[in-house]
Amino acid sequence: MASVASSIDTVSGSAVRPRRYMDRKSLVPLLLFLPPALLLFTVFVVLPMIDAGTFSFFDWTGYGPITDFVGFDNYEDVITHRNFGTAVRNSLIVVAVSLLIQLPLAMWAAIALSERGTHVNILRTIFFVPYMLAEIAAGLIWKFVYDGNYGLVPIIGDAIGQKLPFVLADKLWVIPAIMLVIIWKYFGFHMMIYIAGLQSIPSEVIEAARLDGVKKWKIVWHIKLPMIWSAIVVSVFFSITGALQLFDLIIPLTGGGPQNTSHTIVTFLYQFGILRMKLGFGGAVSVMLFIACVIVAIVYRRLLFRAEQT
Amino acid sequence: MSAPPLPTGTKRRRPTVSAFQWFTMLVIAAFIIVPFYTTALGGFKEIGELRVNPFGLPASWDPVRFTEIIFGPTYMRSLGNSLFIAVGTVILSTLISSMAAFAFAHIKFFGSKFLMGYLLLGLLFPSATAILPLFIKMRDLGLLDKHLGIIIVQVAFSLSFSILLFHNFFKELPKELIDAARMDNCGYLRIYWYITLPLCLPIIATVGVFNFVGSWNSFLLPLITLNTDANYTWPLGIMQFQGQYGSDWPRILAYLTLSILPAIAFFLLAQRYIISGLTGGAVKG
């Protein structure tokens, strides 16, 4: 903001600084421009978050006064809930698979498609379309693909002469099946971030290395990847926050089943907090989710900061 | 490029992308396309046909399921509801967040940094986090089962990201322009309306398209707040339809196809803005 002041001073040709910025002229626009955003944000984003914290210490059904203080009982209920462990574990699996399979795949595609060309553009668009699709639609498409009677899985089963299970109703297969949908849906998004990073590398750098006879994959490993480190950090961040809020995709696919084995944190919150209007219980889940998000955000800023330093 | 001449005389660095890489790209492309392809054709097939002829063309192109859905009670109405909510969200969000970003970028006042940091807090956590207290809040304000309620909440949750994008863009505008206007006794309101906004059409398009897609696809908020069928958005409509027809897949696939088509058409038109919003927001954020 100091630069604004100094540039105004130089333009007006005076070296003195006693400009009154809070003059009447800027007060009226301020009173017009800021309150709508501040009001909406406070009422519908910040206050509910604070309420979640309050509710989490009470036993409340949503009606009447909030009086029944229960300390940390709600947190205990959540942590000892039969399905909470599964939900957390599933969310962690989503993170792990994203980092170990989805992001490398996205990088592989980005490296192949970062240079300009028509067929390259077509492929990029194809890879990106699932990301634009509503999760609900993607989930229903794959529910069909996985359908054990009419979908594509039994057809693959016929082809290899095996009777394949109803994957979405099978405790063992349901998580890998969901992971495949997640990769299908989101890898194009990460690819786009990487492509933007790769295209910002000055071509002289790559050209120079190439003329020096550096092998292609050595260029990728030693030049390209380090130079797009911040893009990688960003996509890791999105993978983790995406995994933490995964909901829309799970509902049409399994609704958390079979036997509650495919819950994520948010479907758990929905199933056991929202549908039963257990505000204290839901509040405790919200607070834990919030803390997890804040930790992720702090680590992310640190990493990004380090990336910009190097 | 003064390398020893090659037999073909072409440029030396030809194989930047190897055949193997191309092969994997085509495999991935097939993996992406096949579910869409079978969905689109599935709406024309009989249920038995799905099993015996999954990839081939349907025996008949009778569009009866599609017309039934289009002229049925839910499809058009739910699309209309979604459209209304998305347009409302985009207009309000663009206006409110660009005004706030303008104030932060061009008006110097005490607490500006603090307030901007406050409004960007929303980037920290997803909207699903406090959905239950949000539900209570909307109930107390009488916003349940109303499109307006969804619009307002979606605008509130879009603010952080939109303000960030607008602010990044407004900062880059030449300061001299604003200063000159101020010299000529042009108030901030007029600067905002007549100078900043017209210069910022690209970023308005980006933010607008972005919020439009987010609103169009949103599921959790309408799911929790809407309870009258007539108010349902299309994701709720399609879930209800699916629940109603169980495993009558041809019918569901037809409904899916009809629901996806407008989104894909929109995406192909607006793709540029979506990508610049993603990468711009992501890289600068």
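Nothing here was measured: the structure is a model prediction, and the numbers come from that model.

Participant: It is not clear to me how the overall build of chain A should be interpreted in this structure. Could you clarify?
Facilitator: Within chain A, the regular secondary structure consists of 14 helices and zero strands. Listing every helix and strand of chain A by position from the N terminus yields α-α-α-α-α-α-α-α-α-α-α-α-α-α. Taken over C-alpha atoms, the radius of gyration comes to 25 Å for chain A, far larger than the 19 Å a tight globule of 310 residues would show. Principal-axis analysis of the C-alpha atoms gives chain A an extent of 85 × 75 × 30 Å. Scored against the burial criterion, the 310 residues of chain A give a buried share of 43%. Counted over contacts in chain A with a minimum sequence separation of 6, partners at least 24 positions apart contribute 69%.

Participant: Explanation requested: the overall build of chain B in the structure shown.
Facilitator: Summing up its helical and strand segments, chain B has 13 helices and zero strands in all. Secondary structure elements of chain B occur, N-terminal to C-terminal, as α-α-α-α-α-α-α-α-α-α-α-α-α. Computed over its C-alpha atoms, the radius of gyration of chain B comes to 25 Å, more than 25% above the 19 Å expected for a compact globule of 285 residues. Taken along its principal axes, the extent of the C-alpha atoms in chain B is 75 × 75 × 30 Å. In chain B, which comprises 285 residues, the share counted as buried stands at 44%.

Participant: What am I meant to see in the interface of chain B and chain A here?
Facilitator: Bring the parts together and some accessible area is lost; that lost area is often taken as the interface size. Facing 82 residues of chain B, the contacting portion of chain A comprises 78 residues. In terms of residue count, the dominant contributor to the side of chain B that touches chain A is helix α13 (residues 249-284) of chain B (16 residues).

Participant: Just checking my understanding: could you explain the domain arrangement of chain B for this structure?
Facilitator: All names here are of chain B. Here chain B is partitioned into domain 1 (30-62) and domain 2 (68-284). Here the C-alpha centroids of domain 1 and domain 2 sit 35 Å apart. Contacts between domain 1 and domain 2 engage eight residues on the former and seven residues on the latter. When contributions to the side of domain 1 that touches domain 2 are tallied by element, the ones reaching two or more residues are α1 (19-42) and α2 (47-52). No other element matches the three residues that α1 contributes to the side of domain 1 that touches domain 2. Looking at the side of domain 1 that touches domain 2 residue by residue, the classes come out as three nonpolar, three polar and two charged.

Participant: Just checking my understanding: could you explain the confidence of the model for chain B for this structure?
Facilitator: Detail in the predicted coordinates should be disregarded across regions flagged by low pLDDT. Residue and element names in this part refer to chain B. Residue-level pLDDT values for chain B average 87, and 92% of them are 70 or greater. Here α13 is the element of chain B with the lowest mean pLDDT, 82, and helix α4 (residues 75-106) is the one with the highest, 95. Segment residues 1-12: pLDDT under 50, and four contacts once partners within four positions in sequence are set aside and those in other chains are kept. Listed scores for the predicted complex are pTM 0.88 and ipTM 0.88.

Participant: Sorry if this is basic, but what is going on with the packing of helix α4 (residues 84-113) of chain A against helix α11 (residues 229-244) of chain A here?
Facilitator: Packed helices, taken two at a time, are described by their axes: the angle between them and the distance between them. Residues and elements named next belong to chain A. The interhelical angle for the contact between α4 and α11, taken along N-to-C directions, is 150°, at an axis separation of 8 Å. With respect to α11, the element α4 is oriented roughly antiparallel. Along this stretch, α4 crosses α11, giving a crossing that reads as right-handed. Where α4 approaches α11, its residues Ser-91, Val-94, Val-95, Ser-98, Leu-99, Gln-102 and Leu-103 are matched on the opposing element by Ser-235, Val-236, Ser-239, Ile-240, Ala-243 and Leu-244. Its residues assigned to classes, the contact of α4 with α11 comprises eight nonpolar, five polar and no charged.

Participant: What is the right way to read the nonpolar core from this model?
Facilitator: Across soluble globular proteins, nonpolar side chains show a tendency to be buried alongside one another. Counting 162 residues, the largest nonpolar core has A:Ala110, A:Tyr194, B:Ala100 and B:Ala156 as its most contacted members. Here this core gets 18 residues from one element, more than from any other, and that element is helix α8 (residues 174-199) of chain A.

Participant: Where do I start with helix α6 (residues 135-146) of chain A in this structure?
Facilitator: Given 3.6 residues to a turn, an α-helix orients residues that are three or four positions apart in the same direction. Residues and elements named next belong to chain A. With twelve residues, α6 extends 16 Å from end C-alpha to end C-alpha; this agrees with the ideal 16 Å at 1.5 Å per step. Burial within α6 is extensive, with twelve of its twelve residues counted as buried. By the burial criterion, the buried members of α6 are Glu-135, Ile-136, Ala-137, Ala-138, Gly-139, Leu-140, Ile-141, Trp-142, Lys-143, Phe-144, Val-145 and Tyr-146.

Participant: Whenever I open this one, the environment of A:Ile175 confuses me. Can you help?
Facilitator: All names here are of chain A. For Ile-175, the position within the fold is in helix α8. Spatially, the C-alpha atom of Ile-175 lies 47 Å from that of Phe-33, the residues being 142 residues apart in sequence. With residues near it in sequence (within four places) discarded, Ile-175 still touches Asn-90, Ile-93 and Ser-262.

Participant: Is there a simple way to think about the environment of A:Asp59 in this case?
Facilitator: Residue placement: A:Asp59 occurs in the loop between α2 (24-55) and α3 (73-79). Sequence separation between A:Asp59 and A:Phe237 is 178 residues; the distance between their C-alpha atoms is 35 Å.

Participant: How should unusual backbone geometry be read in this particular structure?
Facilitator: Most peptide bonds take the trans form, and the phi angle of most residues other than glycine is negative. For the bond from A:Gly257 to A:Pro258, the omega torsion is -5°, close enough to zero to count as cis. Tracing the backbone shows A:Pro258 in the loop between α12 (250-253) and α13 (265-274). Non-glycine residue B:Asn185 carries a positive phi angle of around 65°. If you trace the backbone, B:Asn185 turns up in the loop between α8 (175-183) and α9 (188-199). A residue is classified by how many C-beta atoms lie within 10 Å of it, and B:Asn185, with 8 of them, is exposed.

Participant: Is there a simple way to explain the confidence of the model for chain A in this structure?
Facilitator: Per-residue confidence for chain A gives a mean pLDDT of 87, with 91% of residues at or over 70. pLDDT under 50 marks residues 1-21 of chain A. Its contacts with residues more than four places away, or in other chains, come to 16 contacts.

Conventions we followed
- By convention here, each chain's residues receive numbers from 1 onward along its written sequence.
- To label them, take the chains in the order written and letter them from A, then take the ligands in the order written and number them from 1.
- With pLDDT at 70 or above as the cut-off, local features in this predicted model cover only qualifying residues; side-chain atom pairs require 80 or more to be listed or tallied, and sums for whole chains, interfaces and linings still use all residues.
- Where helices and strands are cited, they refer to DSSP runs of H or I of at least four residues and of E of at least two residues respectively, numbered from the N terminus.
- The atom set for the radius of gyration is the C-alpha atoms, and the globule formula is 2.2 Å times the number of residues raised to the power 0.38.
- In this scheme every C-beta is placed from the backbone, and a residue whose C-beta has 20 or more other C-beta atoms within 10 Å is buried, one with 12 or fewer is exposed, and one in between is partly exposed.
- This entry defines residue contacts through backbone-placed C-beta atoms, with two residues in contact when those atoms are within 7 Å.
- Throughout the structure description, domain borders are defined by an automatic or database domain assignment.
- Polarity classes work like this: nonpolar for Ala, Val, Leu, Ile, Met, Phe, Trp, Tyr, Cys and Pro, charged for Asp, Glu, Lys and Arg, and polar for all others, with Gly in that last group.
- A residue's pLDDT is simply how confident the predictor is in it, with values from 0 to 100.
- Under this scheme, a helix contributes an axis fitted over its contacting stretch, all axes are lines through C-alpha atoms, and angles between N-to-C directions fall in the 0 to 180 degree range.
- Should an angle fall under 35 degrees it is called roughly parallel, over 145 degrees roughly antiparallel, and 65 to 115 degrees roughly perpendicular, with every other angle called oblique.
- Definitions for this section: a left-handed crossing has its near helix turned counterclockwise from the far helix by less than a right angle. A right-handed crossing has that turn clockwise.
- Linking buried Ala, Val, Leu, Ile, Met, Phe, Trp, Tyr and Cys residues through C-beta atoms within 7 Å yields a set, and such a set is a nonpolar core.
- The span one expects for a helix is its residue count, reduced by one, times 1.5 Å.

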